[in-house]
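# Residue-level structure breakdown
If you want the building blocks of each chain, they are given just below.
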Amino acid sequence: MSSDRSEYPVTVQQHILREQKRFPGASGEFSWLLSGITLAAKMIEAKVRRAGLNNILGAQGDINVQGEVQQKLDVYANRVMSDSLGVRDSIAVIASEENEQPTVLRRQSPQARYIVVFDPLDGSSNIDVNVSVGTTFSIIKRPQGVYCDNDILRPGYEQVAAGYVLYGSSTMLVYTAGNGVHGFTLDPGIGAFVLSHEDIRMPTQGKYYSVNESHYADMPPEFRKYIDGLRSGQYGRKYVSRYIGSMVADFHRTLLTGGVFIYPPTKSHPSGKLRLMYEANPVAFLAEQAGGKATNGQERVLNLMPDGIHDRTPLIVGGLTEMTEFEKCRRDALRQDSSELNRAPI
Ligand code: P6P
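This report concerns the structure included in the present document. (Residues numbered from 1 in each chain as written. Predicted model: local features only at pLDDT ≥ 70, side-chain atom pairs only at ≥ 80, totals over all residues. Heavy atoms only, no water.)

## Some points on the packing of aromatic side chains
Applying the stated criterion across every chain, the model contains five aromatic pairs. Taking 4.9 Å as the distance between ring centres and 45 degrees as the angle between the ring planes, the aromatic pair formed by F223 and F326 counts as tilted. With F223 in helix α4 (residues 221-232) and F326 in helix α7 (residues 320-343), this residue pair connects regions lying 103 residues apart in the sequence. Both residues of the pair, F223 and F326, belong to the buried class. One residue, R88, lies across the ring of W32, its end atom 3.7 Å from the ring centre. One Lys or Arg, R231, reaches over the ring of Y216 and ends 4.9 Å from the middle of that ring. (Phe/Tyr/Trp six-rings, centres within 6.5 Å; stacked < 30°, edge-to-face > 60°. Helix = DSSP H or I, 4+ residues; strand = E, 2+ residues; numbered from the N terminus. Buried < 20%, exposed > 50% of the residue type's maximum accessible area, 1.4 Å probe, protein only. Lys NZ or Arg CZ within 6 Å of the ring centre and 35° of its normal.)

Here it is, written out as structure tokens:
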């Protein structure tokens, strides 16, 4: 038997068990919970990889709670995530982007201590054109006692774990349990997610900025001023624009190569388009754990208090340099506003 242990891949299960030891009192329930997500990810991945062959492309025809045409893969991914998580006794409640209301699985069980909020297939409008899509998830711990409906509306700093699965040129699971960010690539040969990116760190400064430029004209002034600076080289380098239109893919590139991803307030989405609880919060937790920052343009995303599980929020997430420069733009815009107010005729 080889003595070189580096030959043996570290699977996500092994890594989670190692992380598990950080959760005092958790008796393997956390790793069992996360294994529900990895199982679902493999099942979704198998369908995504064959989408063009299984006549599973295209719209299911139904309209989901977001008013969006449900793609067949959306429906499948939602069912697989719900079923895989539903059998984990440690989960009290699940909430999905595809369902208007959360599903309460175990209201009174003292063992059911976790709440999982997820988007089963983010970016699904890109499925038919073979663009990367992703699954996002956020895990929060609920207070002891009988589950009450408001137990789910918690700020992002209460997340105990979060992450995403990116169905791209390879399938990757990226997660944090509060002890760094770790990436696992699915090895189709053995059907396991194996550690490929341990302790991911977001570069202090990158070279890409990522925003849907068609919204430029109706963004708030501080966002326009900031983007002008990214393009002009004002922040020490001329940035290159990269936008896939699938948040998980755009954020994954930002996490690995640095730079900034922005979904600002727009005319069609004045409160932003992305969802706080199952898109912005996981991304913000990962970004901070990797040395970056994430705000809604004014305050830290992880401090935002949701009013509803489908709340939207603007999001700007990136490396320290990019986020510091945005903050300067915002302060300048505030100063300009106040000086204009002072000059305003009485
Ligand atoms: P736009 C995909 O539909 C999504 O929810 C995110 O994954 C993505 O970042 C965003 O919408 C893209 O929106 O307005 O640029 O098409």
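## Considerations on the pattern of salt bridges
Summed over all chains, the structure comprises 13 salt bridges. We note a salt bridge from R154 to E158, for which the minimum N-O separation is 2.7 Å. Taking the relative accessible area as the measure of exposure, R154 reaches 26% and is therefore partly exposed. Using a relative accessible area of 24% as the deciding quantity, one classes E158 as partly exposed. (Salt bridge = Lys/Arg side-chain N within 4 Å of Asp/Glu carboxyl O.)

## Quick notes on the site of the ligand
In the vicinity of the ligand there are 13 residues, among which D122, N212, Y243, M247 and Y263 approach most closely. Between the ligand and Y263 there is a distance of 2.6 Å, counted from an oxygen atom to a side-chain nitrogen or oxygen. In this structure, the ligand is accommodated by the largest pocket. By residue class, the composition of the shell around the ligand is five nonpolar, six polar and two charged. Residue contributions to the shell around the ligand reach at least three from each of two domains, namely domain 1 (5-197) and domain 2 (208-341). (Near = heavy atom within 4 Å. Polar contact = N/O pair within 3.5 Å; in protein donor to acceptor, adjacent residues only side chain to side chain. 1 Å grid on protein atoms, 1.4 Å probe; cavity = no way out; pocket = protein on both sides within 12 Å on 5 of 7 lines; lining within 4 Å. Sits in = over half its atoms within 2 Å of the grid points. Nonpolar A, V, L, I, M, F, W, Y, C, P; charged D, E, K, R; others polar. Domains from an automatic or database assignment.)

## Here's the deal with the packing of α4 against α7
The contact between α4 and α7 brings their axes to 9 Å, and the two run at 135 degrees. One way to sum up the angle between α4 and α7 is to call them oblique. The chirality of how α4 crosses α7 is right-handed. Of the residues in α7, those in contact with E222, F223, K225 and Y226 of α4 are E322, M323, E325, F326, C329, R330, D332 and A333. A breakdown of the residues in the contact of α4 with α7 according to their chemical character gives six nonpolar, no polar and six charged. (Axes fitted to C-alpha atoms, helices over the stretch in contact; angles between N-to-C directions. Parallel < 35°, antiparallel > 145°, perpendicular 65-115°, else oblique. Left-handed = near helix turned anticlockwise from the far one by under 90°. Contact = heavy atoms within 4.5 Å.)

## Describing the packing of helix α1 (residues 12-20) against helix α2 (residues 29-49)
Look at α1 against α2: their axes get within 9 Å of each other, and the N-to-C directions meet at 150 degrees. In terms of orientation, α1 and α2 fall into the roughly antiparallel class. Read as a crossing pair, α1 and α2 show a hand that is right-handed. Listed contacts from α2 to V12, Q13, I16, L17 and Q20 of α1 are E29, F30, S31, L34, S35 and T38. Looking at the contact of α1 with α2, its residues break down into five nonpolar, five polar and one charged.

## Observations regarding the layout of surface pockets
Estimated volume of the largest pocket: approximately 460 Å³. Lining the largest pocket are 27 residues, with E68, D122, G123, S125 and K273 sitting closest to its centre. Among the secondary structure elements, those contributing two or more residues to the lining of the largest pocket are β2 (69-71), β5 (114-122), α5 (247-257), β13 (260-263) and β14 (274-275). Looking at the lining of the largest pocket, the element that brings in the most residues is β5, giving three residues. When residues of the lining of the largest pocket are assigned to domains, at least three map to each of domain 1 (5-197) and domain 2 (208-341). Roughly 230 Å³ of internal volume is contained in the second largest pocket. V48, R49, I127, N130 and V131 are, among the 15 residues lining the second largest pocket, the residues nearest its centre. (Points joined across faces, edges and corners; volume = space filled by probe spheres on them.)

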